[in-house]
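Reading the structure
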Amino acid sequence: MTEVTTTRGRLIVLEGGEGAGKSTQVRAVVAALEAQGRRVLQTREPGGSPLAEAIRALVLGDWDEGIDGNTEALLIFAARAAHLHARIGPALQSGCDVVCDRFVDASYAYQGAGRGLGMARIAELERWTLGELRPDLVLLLDIEPELGLKRAKSRGDANRFEAETLEFASKVRQTYLLRAAANPNRYELIDASQPLEQVQSAVLAALTRHLGLVAA
Ligand code: TYD
């Protein structure tokens, strides 16, 4: 009997505050991986599967009664569990790389710090939902909240998080920076206030360093 073993795909995540230009860089990462002949699933959170996208609409919706931090965190992790089950898990198993616009670090930053739930709560939900799975590489597009929020506004973006205060955005940023500093092997800090082309070069250089890709 011949045993067929497939090498697990890599999970690559892009994170950053509002207006950091993630979407553009997600596409650049996908293109670079595909140019290497890799199969790639491009996805995002909250969302990424039909059920998870339905939960996303609930999370980002405006509710007269408001959404408290616990409800927000639990919905986001429910969406993450669905996404993992339907899309991310099967893709990684089949050897496909996954490029995800935001993942669990966003929960530490937005719910843990921004909403004040604390890191321990998020770590519990992370263990419950993800087990041992962690991103292979997190590209953190770092930008000062003042500049990021200005950019997001000029793009006409207006979700509940973009309407948050500067203080909220600063807590989000600090948490991302602390997590990146604590795990230099899995995180790359990228200055997203630079012009787009320079951000892209930095992103592709980081891919090369961490995953052994030849930058295009
Ligand atoms: P989106 O419009 O995709 O924002 P962006 O373009 O900035 O990624 O909306 C996703 C929002 O959800 C974003 O503002 C951050 C928030 N979010 C959390 O609060 N926690 C999470 O775990 C995730 C994945 C996202």
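Residues numbered from 1 in each chain as written. Predicted model: local features only at pLDDT ≥ 70, side-chain atom pairs only at ≥ 80, totals over all residues. Heavy atoms only, no water.

**Comments concerning the overall build of the protein chain**
Using the following cut-off: Segments assigned H or I by DSSP are reported as helices when at least four residues long, segments assigned E as strands when at least two residues long, and all are numbered from the N terminus. Every radius of gyration here is taken over C-alpha atoms, with the globule rule written as 2.2 Å times N^0.38, N being the number of residues.
Looking only at helices and strands, the protein chain has eight helices and five strands in total. Secondary structure elements in the protein chain, listed N-terminal to C-terminal, are β-α-β-α-α-β-α-α-β-α-α-β-α. Its C-alpha atoms give the protein chain a radius of gyration of 17 Å, within 12% of the compact-globule value 17 Å for 216 residues. When the backbone C-alpha atoms are referred to their principal axes, the protein chain occupies close to 60 × 40 × 30 Å.

**What about the side chain of Ser49?**
To keep it simple, the criterion reads: Residue burial is assigned from relative accessible area. The probe radius is 1.4 Å, only protein chains are included, and a residue is buried under 20% of its type maximum, exposed over 50%, and partly exposed in between. By the convention used here, residues are in contact when the closest approach between their heavy atoms is within 4.5 Å.
Position of Ser49 among the secondary structure elements: in the loop between strand E2 (40–44) and helix H2 (50–60). In this structure Ser49 comes out as buried when scored by relative accessible area, which is 5%. Excluding residues that lie within four positions of it along the chain, Ser49 makes contacts with Ala82, His83, Ala86 and Arg87.

**Here's the deal with the layout of surface pockets**
Quick note on the threshold: Cavities and pockets were defined on a 1 Å grid built from protein atoms only: a cavity is a group of points that admits a 1.4 Å probe but offers it no way out, a pocket is an open group of points flanked by protein on both sides within 12 Å along at least five of seven lines, and a lining residue is one with an atom within 4 Å of any such point. Grid points are joined across faces, edges and corners, and a volume is the space filled by probe spheres set on the points. Think of it as three bins: nonpolar holds Ala, Val, Leu, Ile, Met, Phe, Trp, Tyr, Cys and Pro, charged holds Asp, Glu, Lys and Arg, and polar takes everything else, Gly as well.
Its volume calculated, the largest pocket comes out at about 500 Å³. As for the largest pocket, its lining consists of 27 residues, and the residues nearest its centre are Lys22, Glu45, Arg56, Arg102 and Asn159. For the lining of the largest pocket, the secondary-structure elements that each account for two or more residues are helix H1 (22–35), H2, helix H3 (69–93) and helix H4 (104–114). The biggest single contributor to the lining of the largest pocket is H4, with four residues. Its residues placed into classes, the lining of the largest pocket shows nine nonpolar, seven polar and 11 charged.

**Details of helix H5 (residues 119–130)**
So the rule is basically this: Here the expected span of a helix is defined as 1.5 Å times the quantity of residues minus one. Each C-beta atom gives one direction from the helix axis, and the arc is the one those directions make.
When the terminal C-alpha atoms of H5 are compared, their 16 Å separation across 12 residues agrees well with the 16 Å that a helix rising 1.5 Å per residue should span. Of the residues making up H5, those classed as buried are Ile122, Ala123, Leu125, Glu126, Thr129 and Leu130. Buried residues of H5, seen end-on, are gathered within an arc of 165° and therefore sit on one face of the element. In H5, the exposed positions that point more than 90 degrees away from the buried face belong to Ala120, Arg127 and Trp128. For H5, the elements touching its buried residues are H3, H4 and helix H7 (166–182). Residue Gly131 follows H5 closely and has a positive phi angle near 60°.

**Points about the sheet that holds strand E1 (residues 11–16)**
Cut-off, in case you're wondering: In short, DSSP must find at least two bridges between two strands for them to pair. Note on geometry: axes are lines fitted to C-alpha atoms, helical ones only across the stretch in contact, with angles between N-to-C directions running from 0 to 180 degrees.
The strand order across the open sheet built from five strands is E2-E3-E1-E4-E5, with neighbouring strands paired in parallel fashion. Because the sheet does not close on itself, it has two edges, and the strands there are E2 and strand E5 (187–191). Each adjacent strand pair in this sheet contributes to an overall mean axis angle of 20°, direction not counted. Relative to strand E4 (residues 137–142), E1 is paired through five bridges, and the arrangement is parallel. In the strand pairing of E4, Glu15 is matched with Leu140.

Geometry only, nothing functional implied.
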